[in-house]
Structure formats: C-alpha cells, structure tokens
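Examining the three-dimensional arrangement
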Amino acid sequence: MKTWVCDSGQKLEIFIPFLGKYRPLTGRCCQTCTPRSWDGFYHAQLSSLGFCSAAQVTEEDTRYRGWLVRRLCCFLAVWDWKVPADTPRDLPERVCRSRRVRDVAAGQARGSEGDSESRRRWKEKALEILAGIQAPLSLPVLRLCSWVLLRLLSRLFLSVQLHRGQLEMVLRAATTPDVPLVFLSTHKSRLDGLLLSFLFFSHGLGVPRVTVGSLNCSPRLRALLRRLGGVFLPVGMEQTSSGQDGGLPGAVLASYVEEVLRSRQPLLIFLEEPCAPRRLSAAAHEWLAPVYRAVRDGAVPDVLLVPVGIAYDLAPDCLEGSGAHGARPLSLSACLWAACRALRRRLGCARVDFAQPFSLQEFVAKTLSRQSSAGKPPEELLLPTILGTHQPHSERAEPEGLAPGTAPGSEAEDKMMVTKLGLHALSDGAACSAVTAVGITSALLLHKHRQGVLLSRLMSDFAWLLEETLVRQRDVGFSGQLRALVRHSLALLRAHVALYHLAPPGDVLVVPEVSVEARWELSQHSAALLPVFAGEVVGACAIRALLLEMLPFVGAAACPSSITLSQDELLHKTLALLQLLPPSLLGLQPCQPLEHQSQDVLDKLILCGLLEADESENERWLCDLAPRPFGKWQPWAEVDFTDSDSDSEDVCKRCFKLRDPEGSPGLLLFLCRLLSPVLETYARAAAFLEQPSWPQPEAACAGALQQFLAEKDGLERPTRSLALSTLQTFKEMGVLEEAPSPAGPLLHLARPFRSSEGRGKLRAFIQQFVQP
C-alpha cells in the first residue's frame, strides 16, 4: 500500500488487491468534514491484527487454569468483566439542579400559588420523567444476562466477528481525557442492542447506555432493559416532532445526556429502524440533538463519534411485527419464545465493524464554514428537467445551506446540523459494514441468473464479485474455500432456492424461486451491495436512459461497441438521477456536491471498463507518444497556440464508446438491475399519485402509500424506508406541497402535477432509468 498527498491536501491510499492476502481496513473518516481526525487513533499496522470471535470464550479469557475452568470458563469470564464508568449516585439531584430543567420549571410555575409547593411538584415530575428514561445498572442481573446471551450467541451464529484492529482503535479513543465516546450504529435487527452492549462489556469498553427507538415494550421488559443499560425517550417527547423544545421532558432528557457524557459512559444511538433501513429515524434525531447541544453549549469540550456497522448472513427477525409502530407491546415472554424459535436453525455469521472515530466539534466547524454558499432548492434543479423546460448548463448543484435570514444558533440551524450529522454517520456506518456471502449470492441469483445457473458458473461469478468488492475498499464478512462459501450461502437461502443435481455433467443447477416472497428476500440481502457499487449503478442507469432515447435512431440490432455517448449528456442524466435519489439510499456521502459525484460516477464507469474514450484519427496524434519517422510534415504547425478567453463552440466535445468489459459479461445489465428495486418503488409511488384524494395528512399519505405498494407487490411488509423516502423526495422536488390547516399540515399536489400530463411526465422520467 502506498500513500501520498495530492494537490488538494487529501491523503490518498492506493493498493493492489490480491485475493486472499489483503483485506482493507474499512471505515476511514471523511477528509472533507473531519480532515484533522484522519490520522487520529489509526495506524497502518492495525489492519494486520486479524479477527476474533466474540461468541467464543476459552480458558485463556479467564484468570484461572485447569480442567474445571475449561468447563466453567464462560461463567468465570463474565464475572471478571469490569465496568469502568457508571452513572453517578447523585444523578437525580444533578438533573434537577441543571439550568435547563430549572428554566423550564420556572416558566411552568410562573403564576401559580405557593413557590415551595410548585417547586416540589415539578421536581417530582422531573424525577418521574428521569425514572422513565433510565435506571441504575444492576451488575448481578447484567452479568447473568450476559452469560445467557453468550450461550445464545454461540448457538445462533457460527461466529460473531470483530476486527482486533478496529477494537484497538476504539480503545485508544476511549483513553482521550475528558472526551466521551458516542457510538452511532446502523440497525439491522432487534438483537443489535443486546449484541453491541455485550461486545462493549466483554472487551473493556464498559456498559453502554443503549437508546431504544420505536420499540413498544411491556412494563416488565422496559424495567429489565433499563437495568441492563437501556434508555428510553420520555413519553411526552414521543409525540413531539423533531426540532421542538419538548418542555420539561426535553429539558430532563438534555440534562441526562449531558451527565452521561460528563461521566464518560459510552452512549449507543441507533440511527435507523430495522423496518426502515438507510433512513434517519425520528428517535435518532431526538437523541442526537442533546449530544450536539452539549458540545455547542460547552457542557463537554468535545465528543468522539464512532460509526458502527452490523452485518448478518441472516438477520434475526423473530420479533418483526411486534412492539413497533403502534402494534401490541413486546413482552418478556415473547422475547423468550422468540429466542427458543431462533435456536432451531443457525443464522450463519455476524460481523460488527467500528469506523474511525472523528471529532464532533471539528465536524460542526467544517459544516458551518461550508454554509456560505447556499444552493438552489431541488425543485428548481429537477422540475424543469421533468417537465421539459430544462435549459442545458443552467443548473449548478451546490451544497445545501441555511435559508436566508436564518440566525446562527437558531432552532432551524440546530435541526439542520443534527440531520446532516445523522445522515453522514449513517453513510459512514453503511460504508464500514462488511458484505456477507449471502448478500453476494443473492445479488447474483436475483440480478444476473434469474433463470438458474450451474454451481460451477455461480462459483466463478462469486469470485469475480468478491474481487470487485475488495477492489472498492469494502471488506467481506467471511473467509474460506470458494465452494464451501457458496454452499454455505445456498444452505442459508434454501427456503427460496431449488437445487437440482445433474448426473451426466456431475454439476448442480441452482434455480431461484419465482415467488414474490423469494424475490423480496433476495432483494433484501442483495441491498448490501448497493453502497459498494453506488457510483457504477447510477452511471449504468444513466447509460440505460440514454440508450432508450437513442434506440429509435440506431435500431434494436445495433452493436453496443458502435454506440457513442456524449459526456455532457451522460453527466446530465447522472446528475438528474442523483438529484432524484437521496444519498442515504445509495450509501453516498451527503457532504459531497452533486457535480463532483456525477464526475466521480463517470470516472468509475471508465475504470470498470464500461466506457472507453472515443478519439478520432486526426486528433489521436495529440496524445500519441509512439516514435514516428521524421519528415517534412510538422504536426505542431497546425495547432493554434493563441490565447482565447472566449468559449468557442467549435471545441470538440468528449465522447465515449460503450464496451462490454472483458471477464465481466453482462456487467451493464447487472448494475442496472441492482438499483431496480429502488427505482421501481419510486415509479410505483408516482403511480400512487393518481389514487388518493388530495389534500391529506402526511401520516395518512405514508400509510396509504405503503398499503398501495404492499398490494402491488403482494407483500405484507414492503420496505417502509423506500415509501417514506419517496414522499420526502416528492416534497423536496415540489411534486407535493404542504398547506397549513387546524389539524396540521396537509399534503396536496403541486399545480404542474394536478393534470394527468404532468403526472405522466413524472412517471416517464423515473421509468427511463428502470431496468426490468
């Protein structure tokens, strides 16, 4: 591996991958937002420390040796784990004495009779709110549950992988004086909270305070989780929209978070919900806001943020549909029954990755410094393209900033900063997450071999896709022989894949089922590859849209290598697709301008071999360094060396030829289909605009859209995040507008889309990128 500094000041690391001998250490922090954190707590030798399985405890993990110790090593190891920091004993008094709580209480007690009586009432109310948020840790219960969880994890998973280099990096960050750690994690399963709490406790990071999002728990389960380190949002804030004050519950929550950070307890915040992946949840916003305000107000000097990525071969989903979004409360008995059901089968491997810690103070300072250039709203950039009123080269995608007239430090700026922080951390968590063998196999079966494939060909494509993943600096959560890996993933997908043994050739025919459930399951697993090939899939869909426009002119039988694409048209299509899809859905960093991302997409298409620069014969000599015999003809005599500041229209535009890369047949079709589930949902959401009567509340519109998608797909549980993302995109584009009403804001169609012609243009714009 080589490292050098480019002209822009960024440090670039280039490596030549060799399959099986190099595995990249993923999760480096963003150089644009946190350049000073790039070298912090990181060393090149950390990547060579290897992996460990957190679910395997041996005699060496205890202080004792002997025959009896080898049989009781799990119990002895759990009883030796230490708790470096705990909640201060006078936490209730500190919270009640905090300035935030006293200011809110003084405002509520103004005008009431009896100062001492009102003071006693609001103090009791504050203590009641605090008791609903957290409870002191119970070490005996914690150690007992950790021992049970250790036995459960060893039965559920073949291994729970943890990179020793990443762990060492986080342990170094934990020794920073007066700077607490806050872990920002992706959320794949209801087991994530217990799993991460167990990993922190077993590896010397302490017992974290784990935020519980929208999970609706019974009183007994809620009390048990609080004793194990779980923290809940106050009841009064669950109905409060993000960005509002929240009254006394909000003040108590902010004061509690400040005390947790002062005591240097690890705080674990889940950024998404398992039912709505790749979308910042409302609960995450409520937890991130007091962390940001604690640093802004000087309660703590700084906070080190650690993005966390979680990957499963098969995610434990026994609790799906219980305790979420207004369903029946999840009880303790239901959890025990779900654990017993999960023990019936192995779920493969699990992998937890820690990204490089970065400074919250540095992130805020860099983000505020980039807000001077406020970009145009999406409705001014994308609507002209959809409605056909676009003027070439008239748009310029710039970083999104504050609205004019917004004062620094205001509520709007806080909300914007917390949202940017959450989306950036969610992108970092997705970037450091490992790709599983089940994800690679599912992507091949769903997007490349829908009609079936021989096992030998599947193994060859598996090796190709594995190498392409490693080349893009993404790690995988498996190792071993190729045939064993493919058979392992097929065994986990056996409910949706049929295997037929062919006697004469001695091979196995692998055929994915054609049912809707099988396609949905394979799509969920293959979605982990979308952030890996995000640039390539966007560029491939842009090429598909251009080919669709050129088809009437070139004919259906035209050879792909004979088709020439203009760089300007390709960049225009790429920019339009990037403006349509949120960066969180693609796994792209939200801090990068769209123009830079579109150019990066073009570069990736060239690197992967889909595009080749087209040069005419009379211009090729300008870059040709081949030796030529000296003659009377002097090529430089025809070159005009005069300076000109005007942009000439005669300048030759750059063009590219479409190619099929060697060793990767069908790459363009595979990349287009990788993004098809997202684009198909957007296309069906555009068709949904014909269904309901407008205006209507946003919550009712989201529910109706989700039901519409479920009826269209024949599924009981469509992807909630895509349904919510489409509504948010339509609002930002100007397709839907908000109108105030006494019952709350109502959504209605914008004027250009009230006609069937406008809605048809929207569907056609989205459908041009969709590959069936």
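Look up: the structure comes first, before these words.
Fair warning: this is a prediction, and the values are worked out from it, not measured in the lab. Sequence order sets the numbering: in each chain, residues are counted from 1 along the sequence as written. A pLDDT threshold of at least 70 governs which residues receive local features in this predicted model, and a stricter bar of 80 or more applies before side-chain atom pairs are shown or counted, although totals over entire chains, interfaces and linings include all residues. Water and hydrogen atoms were dropped before computing side-chain values, which therefore reflect all heavy atoms in the structure.

1. So, the pairing of strand 6 (residues 209-212)
Here strand 6 shows a buried face lined by R209 and T211 and a second buried face lined by V210 and V212. Pairing between strands requires that DSSP locate at least two bridges from one strand to the other. Secondary structure is summarised from DSSP: a helix means a run of H or I of at least four residues, a strand means a run of E of at least two, and numbering begins at the N terminus for each. Inspection of the sheet shows strand 6 paired to strand 7 (residues 230-232) by 3 bridges, in the parallel sense. Pairing of T211 across the sheet is with V231, part of strand 7. When the strands point away from the viewer, a crossover counts as right-handed if the route from the first strand across the helix to the second turns clockwise. Remark: the strand 6/helix 8 (residues 219-227)/strand 7 crossover connection has right-handed handedness. Each residue is placed in one exposure class: buried if its accessible area under a 1.4 Å probe, protein chains only, is under 20% of its type's maximum, exposed if it is over 50%, and partly exposed if it falls in between.

2. Quick notes on the sheet that holds strand 18 (residues 696-697)
Overall, antiparallel pairing links the 3 strands, which are arranged 18-20-19 in an open sheet. With one partner strand each, in any of the chains shown, strand 18 and strand 19 (736-739) form the two edges of the open sheet. The sheet contact formed by strand 19 and strand 20 (residues 746-749) spans 4 bridges and is antiparallel. Paired with A739 across the bridge in strand 20 is L746.

3. Describing unusual backbone geometry
Although it is not a glycine, F41 sits at a positive phi angle of roughly 60°. Following the sequence through the fold, F41 ends up in the loop between strand 2 (11-14) and strand 3 (51-53). In this structure F41 comes out as partly exposed when scored by relative accessible area, which is 25%.

4. Quick look at the packing of aromatic side chains
Ring geometry is summarised as follows: Phe, Tyr and Trp rings, the Trp one being its six-membered ring, pair when their centres sit within 6.5 Å, and such pairs are stacked at plane angles under 30 degrees, edge-to-face over 60 and tilted between the two. Counted according to the given criterion, the structure contains 11 aromatic pairs. Centroid distance F358 to F363: 6.2 Å. Interplanar angle 50°. Geometry classified as tilted. On the basis of relative accessible area, F358 is assigned to the buried category, the value being 4%. Aromatic side chains F462 and F478 sit 5.8 Å apart centroid to centroid with 50° between the ring planes, which places their arrangement in the tilted category. Here F462 is found in helix 17 (residues 455-471), whereas its partner F478 is found in the loop between helix 17 and helix 18 (482-492), with 16 residues between them in sequence. The ring of W38 has R28 lying over it, and the distance from NZ or CZ to the ring centre is 4.0 Å. Sitting over the ring of W464, K448 keeps its end group 4.3 Å from the ring centre. Distance and angle both matter: a charge sits over a ring if NZ of Lys or CZ of Arg is within 6 Å of the ring centre and within 35 degrees of the ring normal.

5. Looking at a nonpolar patch on the surface
Patch members must show over 30% relative accessible area and no salt bridge, and they are joined within 9 Å when carrying like charges or within 5 Å when they are nonpolar side chains of Val, Leu, Ile, Met, Phe, Trp or Tyr. Per-residue and other accessible areas were derived by the Shrake-Rupley procedure at a 1.4 Å probe size, with only the shown protein chains allowed to occlude residues. In what follows, salt bridge is the name for a side-chain nitrogen of Lys or Arg lying within 4 Å of a carboxyl oxygen of Asp or Glu. A surface patch of nonpolar side chains, about 670 Å² in accessible area, is lined by L68, L72, F75, W79, L144, W147 and V148. Every element with two or more residues in the nonpolar patch is listed here: helix 1 (67-80) and helix 5 (139-156). Position of F75 relative to the elements: it lies in helix 1.

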